[in-house]
Amino acid sequence: MALAAAWAAGLPARGGRTFGWRRAEVLAAVVNGVALVGLSGVILWQALARIGSHEAHPVAGGVIVFGLIGVVANGIPVLAMLRAGDRADLNLRGALQHAAADVLGSAGTALAGLLVLAFAWRAADPVVGGAIGLLVLASSVRLIREATEVLLEAAPRGVDPDAIGQALAEMDGVKEAHDLHVWTITSGMVALSVHLVATQGADHDRLLHDAQALLRDRHAITHTTIQIDRDHDRLLQIHRPGCPEGPATGRPGG
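Residues numbered from 1 in each chain as written. Predicted model: local features only at pLDDT ≥ 70, side-chain atom pairs only at ≥ 80, totals over all residues. Heavy atoms only, no water.

### So, a nonpolar patch on the surface
The following threshold applies: Distance thresholds for patches are 9 Å for like charges and 5 Å for nonpolar side chains (Val, Leu, Ile, Met, Phe, Trp, Tyr), applied to residues having over 30% relative accessible area and no salt bridge. Where accessible areas are quoted, they stem from the Shrake-Rupley method and a 1.4 Å probe; at the residue level, only the protein chains shown are allowed to cover. Think of a salt bridge as a Lys or Arg side-chain nitrogen and an Asp or Glu carboxyl oxygen that are within 4 Å of each other. Think of it this way: any DSSP run of H or I at least four residues long counts as a helix, any run of E at least two long counts as a strand, and we number them from the N terminus. Relative accessibility thresholds used throughout: buried, under 20% of the residue-type maximum; exposed, over 50%; partly exposed, between the two (1.4 Å probe, protein chains only).
A cluster of nonpolar residues, Leu-48, Ile-51, Phe-119, Trp-121 and Val-127, forms a patch on the protein surface that exposes about 540 Å² of accessible area. Note on placement: Trp-121 falls in the loop between helix H4 (90–119) and helix H5 (124–151). For Trp-121, a relative accessible area of 39% puts it in the partly exposed group.

This is the structure:
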């Protein structure tokens, strides 16, 4: 699923999808997070059911061997993703957490086998399993929360819209900044839109380039839509044709 989402995110924008399929990665992260929450629930349920149970346990030596094999087999893709991927990519993090959960499960299996072998502590299996379930649950909730913030178009973490708006309003030639919006299209792609009211006589082209440079250099935001508005001393009044209170046009009936 993560690979399919990464492939879809690279498709070009066309038709009504002006951003392409970039949000596919965020959706995949949400699905991965929800699946991990379900997985952690199953682990915790099984752990609680097995505490105090007298059902037969597998041989400790076999449990240790299979647990270590699982650590190696699941650890290889985890290391590959850690070395090659972007930690800020929600889609990658979802896949990474899924694989990491498998590593934790295998490591917990080996640890439980060691405890049973060394101390004959039969409850080691459900106790270790429950601890793993809690770790998976905590990381999954965080992943879902961050992906949901992207879908709700909240400002990304570490970006202060108030500070950005203040910096823009303090630029030379700017009277005020309004209708400021900052959101995330997908991991690593922050977008911003804003209206800047220019003072009388200000060079609008210069203001646009200065604002783009400020957002790029100070806040690392390059995908921007900036509208420069004129400063009107009074409200614009629209009159019907021939209105005696309207401005004279120099033409009959004006």
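### Observations regarding the side chain of Asp-229
Put simply, the rule is: When charges are counted, Lys and Arg contribute as positive and Asp and Glu as negative, whereas His and the chain ends are disregarded. Throughout this description, a polar contact denotes any pair of N or O atoms lying within 3.5 Å of each other; where both atoms belong to protein, one of them has to be capable of donating a hydrogen while the other can accept it, and for residues adjacent in sequence the pair is counted only when both atoms sit in side chains. Two residues qualify as a contact provided that any one of their heavy atoms is within 4.5 Å of a heavy atom in the partner residue.
Its location among the elements puts Asp-229 in strand E3 (residues 223–229). Buried and unpaired, Asp-229 has Arg-230 as its nearest opposite-charge partner, separated by 8.7 Å. Of the polar contacts made by the side chain of Asp-229, one reaches the side chain of His-195; its length is 3.4 Å. Ignoring any residue separated from it by four or fewer positions in sequence, one finds Asp-229 in contact with His-178, His-195, Leu-196, Val-197, Ala-198 and His-204.

### Considerations on the confidence of the model for the protein chain
The cut-off we apply is this: Confidence scores per residue from the predictor, reported as pLDDT, run from 0 to 100.
With 87% of its residues at a pLDDT of 70 or more, the protein chain has an overall mean of 84. When the elements of the protein chain are averaged for pLDDT, helix H1 (residues 2–9) gives the smallest value, 82, and helix H7 (residues 204–219) the largest, 94.

### Considerations on the sheet that holds strand E2 (residues 189–198)
Selection rule: For two strands to count as paired, DSSP must find a minimum of two bridges between them. Note on method: axes are straight lines fitted to C-alpha atoms, helices fitted across the in-contact stretch only, with angles between N-to-C directions ranging 0 to 180 degrees.
A sheet is described by the order of its strands in space; here three strands give the open sequence E1-E2-E3, paired in mixed fashion. With partners counted over all chains shown, the strands left at the sheet margins are strand E1 (174–186) and E3, one partner each. Each neighbouring strand pair of the sheet contributes to a mean axis angle of 10°, computed without reference to strand direction. Its contacts with the sheet put helix H6 (residues 161–169) on E1 and E2, and the angle it makes with E1 is roughly 140°. Packed onto the sheet, H7 meets E1, E2 and E3 and runs at close to 150° relative to E3.

### Description of H5
Note the cut-off: Take the number of residues in a helix, subtract one, and multiply by 1.5 Å to get its expected span.
With 28 residues, H5 extends 41 Å from end C-alpha to end C-alpha; this agrees with the ideal 40 Å at 1.5 Å per step. Two residues or fewer after H5 comes Glu-153, characterised by a positive phi angle close to 60°.

### Let's talk about unusual backbone geometry
One non-glycine residue, Ala-120, adopts positive backbone phi at about 55°. Position of Ala-120 relative to the elements: it lies in the loop between H4 and H5. Despite not being glycine, Ala-220 shows a phi value in the positive range, around 55°. Inspection of the secondary structure puts Ala-220 in the loop between H7 and E3.

### Focus: the environment of Asn-32
Position of Asn-32 relative to the elements: it lies in helix H2 (residues 24–50). Residue class for Asn-32 comes out buried when judged on its relative accessible area of 5%. When the C-alpha atoms of Asn-32 and Leu-90 are compared, they prove to be 9.9 Å apart, with 58 residues separating the residues in sequence. Residues within four places of Asn-32 in sequence aside, it is in contact with Met-1, Gly-94, Ala-95 and His-98.

### Some points on the pattern of salt bridges
Taken as a whole, this structure holds five salt bridges when the rule is applied. The residue Glu-146 makes a salt bridge to Arg-142 at a minimum N-O spacing of 3.0 Å. Of the two residues, Glu-146 and Arg-142 both sit in helix H5, four residues apart, roughly one turn of that helix. For Arg-142, a relative accessible area of 47% gives the class partly exposed.

### Focus: the packing of H1 against H2
Our working rule: Roughly parallel means an angle under 35 degrees; roughly antiparallel, over 145; roughly perpendicular, 65 to 115; everything else is oblique. Crossing handedness follows the turn of the near helix against the far one: under a right angle anticlockwise gives a left-handed crossing, and clockwise gives a right-handed one. Each residue is assigned to one class: nonpolar for Ala, Val, Leu, Ile, Met, Phe, Trp, Tyr, Cys and Pro, charged for Asp, Glu, Lys and Arg, and polar for all the others, Gly among them.
Across the interface, H1 lies against H2 with an axial gap of 8 Å and an inter-helix angle of 165°. Relative to H2, the element H1 is oriented roughly antiparallel. In this structure, H1 meets H2 at a crossing whose hand is right-handed. Residue-level inspection shows Ala-5, Ala-6, Ala-8 and Ala-9 of H1 in contact with H2, the latter providing Ala-24, Glu-25 and Ala-28. The residue inventory of the contact of H1 with H2, partitioned by class, reads six nonpolar, no polar and one charged.

### Section: the packing of H2 against H5
To describe two helices that pack against each other, one gives the angle between their axes and the distance between the axes. For the pair H2 and H5, interaxial distance at closest approach is 8 Å and the crossing angle is 160°. In terms of orientation, H2 and H5 fall into the roughly antiparallel class. Every pair of crossing elements has a handedness; the one defined by H2 and H5 is left-handed. For the contact of H2 with H5, the class distribution of residues is 19 nonpolar, six polar and two charged.

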